[in-house]
Amino acid sequence: MIGTPAVLSISSSSCRSHPLFSSGCFGAVTRRFGSVGKRTLLPRAMSGETLAPAAAAAVQEQDGNRVGSVKQQLSSLFEASLRATFPELNIEPMVAACTAKFGDYQCNNAMGIWSKLKGASAEFKNPKSVGQGIISNLPPSEMIESTSVAGPGFVNIGLSSTWMAQSIQNMLSNGIGTWAPLLPASRVLVDFSSPNIAKEMHVGHLRSTIIGDTLARMLEFSNAEVFRRNHVGDWGTQFGMLIQHLFETFPNWEDIGEQAIGDLQEFYKASKKRFDEDDLFKERAQEAVVRLQSGEDKYRDAWKRICEISRREFDLVYERLGVHLEVKGESFYNPYIPGVLEELSSKGLIEESEGARVIFIEGQQIPLIVVKRDGGYNYASTDLAALWYRLNVEKADWIIYVTDVGQSLHFTMFFSAAKRAGWLPDSNIKAFPKTSHVGFGLVLGSDGKRFRTRSSEVVRLVELLDEAKNRSKAELLKRLEESGKLAEWTDEELEKTAEAIGYGAVKYADLKNNRLTNYTFSFDQMLNDKGNTAVYLLYAHARICSIIRKSGKEIEDLKKTGRIVLGHADERILGLHLIRFAENVEEACTNLLPNVLCEYLYDLSDKFSRFYASCQVVGSAEETSRLLLCEATAVVMRKCFHLLGIQPVYKI
């Protein structure tokens, strides 16, 4: 058993967040009930599919009136049918949304079942008869209006428009939280952002921060307990360099205070220059590391001061982005490293190799170095200690690391070492606890190269966000002046709307792309009010709010007295997309792909536009029903914005 060490030991580990410009699915389900650490094994969820229905039912017991996504509810019905029809087979239902041509959903088990039964069943002579057998044993449900078998056994499902309308109305009455998906992980740790202390955050940290925040928000909405972890680089040899430079440049630094450091980025550059060019200074800096890590008060106080200043700079960025994190940097885990390495050694994992201590990983040509030749610790040793802590102290089910794809090999080897140690189950078992690396590509400039300033400096994140806001405000002022509405806006409204649009545009331009791909950073494109942009979507939401306001009706009263009817084809198309919200959030969480939610949101806006073009709202006989559909669309859009970390706007 590894206890909590009393002293810090030497480390030279590097930071989690390498600059961006260097170079999922649920398995067997466990869920905690009651006190931390108590586990109950639930049935298997197929890789890449929804939570197994029996698992969903178990989760539902804890979550009151949450019944899971439409896909999960249909899966429960089909699971019951499959068990009744084919009791000798252990089959998970394969339910998927489909196009209107075939129905609303489809169960695709028949072909697979037929391949197992072929020649062994007199009752089922072909896949189509298997599909008909599945239909005949479906439990009665208000959800389903029609079923049919198409082609080689595909079971098509038509949802009841009345049930869909009631589901939307229930959401309006009880809140969109009732549409939260059911996930099998109850305690999730998301490790993201993670800049280096004493280095200013730049555009290289943008993707990790935005992607990690969105994943955390989606998991929180799905009622997981989420640890938002900022694994900052606050330990290692660079602090000897910084502290020694501080002492020699400002002998009375304690009296001068923060002014001694001034611009932390410039202070870092100056100390690094001395470290690289002055061998005597380098020796003194290395001695300072020893004194810092041996716990001398003077050195620890200077280290704390540098960390405090740096973290306040980070907070300026996080405040603009609306991102909240808990800092547990490298220094926090450093005391646990000796005990973790001792445990791994006792299991025979650590070997000596060319003066270093390493773990050999099957299939890899180079080993995972956990102790360097000079006896110092590194990135891998820190990560192993952090993982041990997260599994054994924080009891996390799922640990997600959000870094650039250039670190994929490190995480592959690191996770393999943890599996060899018995900390994680073998991937073939697909059980919790589990770890995932969320890799992402580069941010490129218009020239197709890494995004930098004209002077080849990395782009400071504060400056980038401020420019997005300023451009947004200039465009907003132009629009209001041209429309003659500027006098209707207060200065505070202008500022908040410019921030919402500017920061939202930066986030959405990143998140709408598959995270594994590179994307080109362009203010002109992301601030365009046409196409798949945050500006277009925010304006679409504001227009819906305007429709409701202009009706003169009190929407809260309509929720109590009105009734939704999906009588027109475009009303039904919009309603169907609305009730698919939960399964899209579920897919985005399961596969760790925020772009899935962006696609859903953009499609929602498109389907609302079609509805509004073909269905008169204000002044129509169906006004109440259609106003409630407008409100439901706005509610779902706002939740999508929230999950993406974007502030909605209510007027344009």
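Just so you know, these numbers come straight off a predicted model, no measurement behind them.

Section: the overall build of the protein
Scanning the protein from terminus to terminus reveals 24 helices and 16 strands. Looking at the protein as a whole, 56% of its 652 residues qualify as buried. Approximately 27,700 Å² of the protein is accessible, and the part contributed by carbon and sulfur atoms is 49%.

Points about the sheet that holds strand β10 (residues 350–353)
Spatial ordering of the open sheet is given by β10-β11-β12, a layout of 3 strands whose pairing is antiparallel. The open sheet is flanked by β10 and β12 (368–371), the only strands paired with a single partner. Going across the sheet, the axis of each strand differs from the next one's by a mean of 45 degrees, ignoring polarity. Docked against the sheet, helix α13 (residues 337–346) engages β10, β11 (356–359) and β12, running at close to 90 degrees with respect to β10. Against the sheet, helix α15 (residues 408–420) contacts β11 and β12, and its axis sits at roughly 70 degrees relative to β12.

Observations regarding the packing of helix α11 (residues 297–321) against helix α16 (residues 461–483)
Running from amino to carboxyl end, α11 crosses α16 at an angle of 30 degrees, the nearest separation of the two axes being 10 Å. Considered as vectors, α11 and α16 are oriented roughly parallel to each other. α11 and α16 meet at a crossing whose hand is left-handed. Only Leu 461, Val 462, Leu 465 and Asp 466 of α16 make contact with α11, whose side of the interface consists of Val 317, Arg 320 and Leu 321. Within the contact of α11 with α16, the residues separate by chemical class into 5 nonpolar, no polar and 2 charged.

Notes on the packing of aromatic side chains
Applying the stated criterion across every chain, the model contains 23 aromatic pairs. Note on Phe 332 and Tyr 389: the rings are 5.1 Å apart at their centroids and 85 degrees apart in plane angle, and the pair reads as edge-to-face. Taken together, the residues Phe 332 in helix α12 (residues 330–333) and Tyr 389 in helix α14 (residues 379–392) connect sequence positions 57 residues apart. Relative accessible area serves as the criterion here: at 29%, Phe 332 is assigned to the partly exposed category. Tyr 389 sits in the buried class, given a relative accessible area of 10%. Ring geometry for Tyr 333 versus Tyr 389: centroids 5.9 Å apart, planes at 75 degrees, classification edge-to-face. Of this pair, Tyr 333 sits in helix α12 while Tyr 389 sits in helix α14; the two residues are 56 residues apart in sequence, bridging distant segments of the chain. As far as burial versus exposure is concerned, Tyr 333 and Tyr 389 are alike and both buried. What links up through ring pairs into an aromatic cluster is the set Phe 332, Tyr 333, Tyr 336, Trp 388 and Tyr 389.

Some points on helix α23 (residues 595–614)
Helix length check: α23, at 20 residues, gives a terminal C-alpha distance of 29 Å against a target of 28 Å (1.5 Å per residue), a fit within 8%. All of the buried residues along α23 are Asn 595, Val 596, Leu 597, Cys 598, Tyr 600, Leu 601, Leu 604, Ser 605, Phe 608 and Phe 611. Each element contacted by the buried residues of α23 is listed here: α6 (206–221), α17 (491–511), α19 (534–551), α21 (569–579), α22 (581–590) and α24 (623–643).

Structural notes on the pairing of β11
Consecutive side chains along a regular strand alternate between the two faces of the sheet. Both β10 and β11 contribute to a ladder of 4 bridges, which runs antiparallel. Paired with Glu 351 across the two strands is Val 358, which belongs to β11. The turn linking β10 back onto β11 is made up of 2 residues, and Glu 354 within it adopts a positive phi angle of 55 degrees. Note that β11 and β12 share 3 bridges and pair antiparallel. Residue pairing across strands places Val 358 opposite Ile 369, the latter belonging to β12.

Examining the sheet that holds strand β14 (residues 434–440)
In space, the 5 strands of this open sheet follow the order β9-β8-β7-β13-β14, with parallel pairing throughout. The open sheet is flanked by β9 (326–327) and β14, the only strands paired with a single partner. By the bridge criterion, 2 bridges tie strand β8 (residues 225–230) to β9 in an arrangement that is parallel. Within β9, the residue paired with Arg 229 across the bridge is Glu 326. The strands touched by α14 within the sheet are β7 (187–191), β8, β13 (398–404) and β14, with β13 carrying the most contacts at an inclination of about 150 degrees.

Topic: the packing of α19 against α23
Relative orientation of the contacting elements α19 and α23 amounts to 40 degrees, with a least axis distance of 10 Å. Relative to α23, the element α19 is oriented oblique. As α19 runs across α23, the sense of the crossing is left-handed. Of the residues in α23, those touching α19 at Tyr 536, Leu 537, Ala 540, Ile 544 and Ile 547 are Leu 601, Tyr 602, Ser 605, Phe 608, Ser 609 and Tyr 612. Class assignment of the residues belonging to the contact of α19 with α23 gives a composition of 9 nonpolar, 2 polar and no charged.

A closer look at the confidence of the model for the protein
Summary statistics for the protein give a mean pLDDT of 86 and a share of 87% for residues scoring 70 or more. Segment residues 4–64 is flagged for pLDDT under 50; beyond a separation of four residues in sequence, or across chains, it makes 196 contacts in the model.

Observations concerning the pattern of salt bridges
Enumeration according to the criterion identifies 40 salt bridges in this entry. Arg 229 is the partner of Glu 394 in a salt bridge, and the nearest nitrogen-oxygen pair spans 3.0 Å. You can see Glu 394 sitting in the loop between α14 and β13 and its partner Arg 229 sitting in strand β8, a full 165 residues away along the chain. We note that Glu 394, like Arg 229, is buried. Because the salt bridges share partners, they merge into one network encompassing Asp 213, Arg 217, Glu 220 and Arg 228.

Structural notes on the pairing of β14
Burial runs high along β14: 7 of the 7 residues are buried. The two faces of β14 match: Lys 434, Ser 436, Val 438 and Phe 440 on one face and Thr 435, His 437 and Gly 439 on the other face are all buried.

Quick word on unusual backbone geometry
If you check the backbone angles, Ser 193 has positive phi at about 75 degrees while not being a glycine. Mapping Ser 193 onto the fold places it in the loop between β7 and α6. Even without being a glycine, Glu 354 presents a positive backbone phi close to 55 degrees. With respect to the helices and strands, Glu 354 occurs in the loop between β10 and β11.

Considerations on α22
By the criterion of burial, α22 is predominantly enclosed, with 9 of the 10 residues buried. Along α22, the positions that sit buried rather than exposed are Phe 581, Ala 582, Glu 583, Asn 584, Val 585, Glu 586, Ala 588, Cys 589 and Thr 590. Directly beyond the C-terminal end of α22, a positive phi value near 55 degrees is found at Leu 592.

Points about the state of the cysteines
Evaluation of the coordinates by the stated rule reveals 0 disulfides. Just so you know, Cys 630 is unpaired, no disulfide at all, and the nearest cysteine sulfur is the one on Cys 615, 9.8 Å from it.

Quick notes on the environment of Ala 632
Tracing the chain through its elements places Ala 632 in helix α24. Take Ala 632: its relative accessible area is 0%, and that puts it in the buried class. Sequence separation between Ala 632 and Leu 172 is 460 residues; the distance between their C-alpha atoms is 6.5 Å. Those residues in contact with Ala 632 that sit more than four places away from it in its chain are Ile 168, Met 171, Leu 172 and Leu 578.

Conventions used here
- Residues numbered from 1 in each chain as written.
- Predicted model: local features only at pLDDT ≥ 70, side-chain atom pairs only at ≥ 80, totals over all residues.
- Heavy atoms only, no water.
- Helix = DSSP H or I, 4+ residues; strand = E, 2+ residues; numbered from the N terminus.
- Buried < 20%, exposed > 50% of the residue type's maximum accessible area, 1.4 Å probe, protein only.
- Areas by Shrake-Rupley, 256 points an atom, 1.4 Å probe, with all protein chains shown as cover.
- Pairing = 2+ DSSP bridges.
- Axes fitted to C-alpha atoms, helices over the stretch in contact; angles between N-to-C directions.
- Contact = heavy atoms within 4.5 Å.
- Parallel < 35°, antiparallel > 145°, perpendicular 65-115°, else oblique.
- Left-handed = near helix turned anticlockwise from the far one by under 90°.
- Nonpolar A, V, L, I, M, F, W, Y, C, P; charged D, E, K, R; others polar.
- Phe/Tyr/Trp six-rings, centres within 6.5 Å; stacked < 30°, edge-to-face > 60°.
- Expected span 1.5 Å × (residues − 1).
- pLDDT = per-residue confidence, 0-100.
- Salt bridge = Lys/Arg side-chain N within 4 Å of Asp/Glu carboxyl O.
- Disulfide = S-S within 2.5 Å.

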